[in-house]
Amino acid sequence: MSAVAADAGLQPAWRHIGPHWTLTLPAAGPGQRGEATALPRDLAAGARVVVDGAALQAWDAALAAWLFELAEALRQRGAALQTETLPAGLQAVLALAQPTVLADNPALADAMPNADLPVLQRAADPPAPQRAADQPAPQRVRAPSQAAITVAFFGEVLLALVRWLRGRSAMRGADVLQQLDLTGPRSLPIVLLSCALIGLMLAYMGGAQLGRIGAQNFLADVVTVGMVRELAGMMTGIILAGRVGSAFAAQLATMKAGEEIDALRVLGVDPISHLVLPRLLALMLVAPVLIAFGAVAGVLAGWPAAVGAYGVTTAEYFNQCLRALSFTHLWIGLFKGMLYVALVALAGCREGLQAGRSAQAVGAATTSAVVKGLLWIVAAACGTTVIFTSLGY
């Protein structure tokens with residue numbers, strides 16, 4: 001056994017035990033780390049150098065760099081450096097560098113009896129690149145269609161609704177209240193105006209046709225049934241598609257472009273429950289009120305036309321309105337209106353979440369949300385009218 005003394009306790013001490021060596025580090029780490037590492041002259045190839053860091057009290061990046069240079073110097077001598085007694089953090093830093101020891105010296109690996117000890121190694125060299133003729137042809141991954149994306153989105157929303165009904169959703173009530181304020185009271189004036197104009201137009205068109213057969217008294221039936229059963233819900237959906245659906249798409253698309261939705265996913269927050277569900281529930285809650293006010297506005301707007309243009313008395317008009325109104329017309333009109341509003345909310349959220357990450361993509365998502373919302377409303381109106389009529393309602 002031989003030893004190499006350290007200088008004033010600042011340099012590491014080398015100890016020679018048999019064919020192998022032990023390098024003891026001082027408490028403060030080796031001094032003058034910027035200088036080249038001096039190896040013992042009698043350190044032979046195939047030796048194993050064990051670093052003893054039991055006395056080490058602190059370490060920094062400079063010590064890691066010094067040990068890395070030492071490992072490289074030992075590699076050139078054909079020796080290996082073992083660091084199992086060093087702090088775990090320092091071993092992790094050295095593992096990132098992965099200097100070559102055993103990987104480049106198979107003979108050294110055979111000469112070491114304890115191959116399971118932690119030895120710094122460099123990852124194996126990457127395989128040589130294959131020729132173009134030998135490489136397999138890349139497989140094309142077919143992107144999902146827009147219909148598949150829409151169906152998957154509807155399924156996610158349905159699952160989020162189920163979780164909410166079971167009390168397991170992360171949706172906040174404050175978000176629903178905020179969306180109620182943005183979508184309900186602020187949409188009421190334009191819904192009233194639009195439905196009133198539609199009711200007035202319907203009264204004039206219906207009166208012109210009924211006047212040919214002398215059935216002006218049934219003008220109230222046309223206006224009441226048309227507004228309550230069909231037009232109030234449809235006009236509400238159309239207005240909300242332009243005002244609210246586009247806003248939903250713009251908000252979510254802007255969040256998508258700013259990577260806010262990705263941040264929610266990283267934090268473990270479901271974007272469907274946190275962003276889509278409050279908007280959908282807010283519209284569904286406010287829809288009956290908007291539809292009811294729209295239907296009343298349309299019926300009232302038809303009254304001046306019936307009285308002034310076609311000679312129907314006020315009492316006769318409102319009496320006929322009440323006689324024409326039935327529970328069947330009420331629930332069908334409410335069902336259709338709720339369906340239209342739900343489609344508007346889903347179209348806006350779907351386009352916002354599927355938007356790109358640029359300002360142009362935000363505008364495209366907003367336009368697409370309005371177009372899809374209107375198209376879905378027309379398709380739903382056609383389908384439900386055919387179904388209810390066929391069923392005798």
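Everything that follows concerns the structure shown earlier in this document.
Numbers given to residues run from 1 along each chain, matching the order in which its sequence is written. For this predicted model, a pLDDT threshold of at least 70 governs which residues receive local features, and a threshold of 80 or more governs which side-chain atom pairs are given and counted, while totals over whole chains, interfaces and linings are taken from all residues. Computation of side-chain values covers all heavy atoms of the structure but excludes hydrogens and water.

1. Details of the side chain of D221
So, step 1. Helical segments are the DSSP runs of H or I of at least four residues, strand segments are the runs of E of at least two, and each set is numbered from the N terminus. Tracing the backbone through its elements, the reader meets D221 in helix α7 (residues 219-257).
So, step 2. Accessible area is worked out with a 1.4 Å probe on protein chains only. A residue is then buried under 20% of its type maximum, exposed over 50%, and partly exposed in between. His is not counted, nor are the chain ends, whereas Lys and Arg count as positive and Asp and Glu as negative. Each salt bridge in this description consists of a side-chain nitrogen of Lys or Arg and a carboxyl oxygen of Asp or Glu lying within 4 Å of one another. Within the buried core, D221 has no salt-bridge partner, and the shortest N-O distance to an opposite charge, that of R323, equals 7.0 Å.

2. As for the pattern of salt bridges
So, step 1. Within this structure, the stated rule accounts for nine salt bridges.
So, step 2. The shortest N-O distance in the salt bridge between D181 and R186 comes to 3.4 Å.
So, step 3. Residue R357 pairs with D262 through a salt bridge whose shortest N-O separation is 2.7 Å. Residue R357 is found in the loop between α11 (327-353) and α12 (359-390), and its partner D262 is found in helix α8 (residues 260-266); the two are separated by 95 residues along the sequence.

3. Things to note about the pairing of strand β4 (residues 48-52)
Two faces make up the sheet, and in a regular strand the side chains alternate between them.
So, step 1. Whether two strands pair depends on DSSP finding at least two bridges between them. Here strand β3 (residues 20-24) runs beside β4; their pairing, made up of four bridges, is parallel. From the neighbouring strand, T24 faces β4, where its bridge partner is D52.
So, step 2. Note that β4 and strand β5 (residues 80-82) share three bridges and pair parallel. The residue bridging V50 from the neighbouring strand is Q82, located in β5.

4. Details of helix α5 (residues 173-183)
Think of an α-helix as 3.6 residues a turn; residues three or four steps apart then line up on the same face.
So, step 1. D175, V176, Q179 and T183 are the residues of α5 that are buried. All buried residues of α5 lie within an arc of 100 degrees about the axis, which places them on one face of the element. What points out from α5, more than 90 degrees from its buried face, is the exposed set A174 and L177.
So, step 2. Contacts are residue-level and defined by heavy atoms, with any inter-residue pair within 4.5 Å sufficient. On its buried face, α5 is in contact with α7 and α9 (271-310). The directions from the helix axis to the C-beta atoms are what the arc is built from.

5. Quick word on the nonpolar core
So, step 1. Here the nonpolar core consists of buried residues drawn from Ala, Val, Leu, Ile, Met, Phe, Trp, Tyr and Cys, with membership extended through side-chain atoms lying within 4.5 Å. Membership of the largest hydrophobic core comes to 59 residues, with the highest contact counts inside it found for F153, L283 and Y317.
So, step 2. In terms of residue count, α9 provides more of this core than any other element does, 15 residues in total.
So, step 3. Apart from residues no more than four positions distant in its own chain, F153 is found in contact with I272, V276, L346, C349, R350 and L353.
So, step 4. By size, the runner-up hydrophobic cluster in this structure holds 23 residues, among which are A64, A73, A79 and L90.

6. Side note on the packing of α7 against α11
So, step 1. One way to put it is that α7 packs onto α11 with a least axis distance of 7 Å and a crossing angle of 15 degrees. On the basis of the axis angle, α7 is roughly parallel to α11. Note on packing geometry: the crossing formed by α7 with α11 is right-handed.
So, step 2. Ten residues, namely Ala, Val, Leu, Ile, Met, Phe, Trp, Tyr, Cys and Pro, are considered nonpolar, four, namely Asp, Glu, Lys and Arg, are considered charged, and the remaining ones, Gly among them, are considered polar. When grouped by side-chain class, the residues that make up the contact of α7 with α11 number 17 nonpolar, nine polar and four charged. All axes here are fitted lines through C-alpha atoms, helices being fitted over the stretch that makes contact, and every angle between N-to-C directions spans 0 to 180 degrees. Here is the rule for angles: anything less than 35 degrees is roughly parallel, anything more than 145 is roughly antiparallel, 65 through 115 is roughly perpendicular, and the remaining ranges are oblique. Handedness of a crossing is defined here by the sense of rotation of the near helix relative to the far one, left-handed for an anticlockwise turn of less than a right angle and right-handed for a clockwise turn.

7. Things to note about the packing of aromatic side chains
So, step 1. Centre distance within 6.5 Å is the pairing criterion for rings of Phe, Tyr and Trp, where only the six-membered ring of Trp is used; planes under 30 degrees apart are then read as stacked, over 60 as edge-to-face, and the remainder as tilted. Per the counting criterion, the structure on display carries nine aromatic pairs.
So, step 2. Aromatic pair F153 and F154: ring centres 6.3 Å apart, planes at 50 degrees, arrangement tilted.
So, step 3. For F154, a relative accessible area of 30% translates into the label partly exposed.
So, step 4. Judged by centre distance (5.3 Å) and plane angle (85 degrees), the ring pair of Y317 and F318 falls under edge-to-face.
So, step 5. Take Y317: its relative accessible area is 0%, and that puts it in the buried class.
So, step 6. Geometrically, a charge over a ring is one whose NZ (Lys) or CZ (Arg) sits within 6 Å of the ring centre while staying within 35 degrees of the ring normal. Of note, R279 hangs over the ring of F248, and the distance from its end group to the ring centre comes to 5.5 Å.

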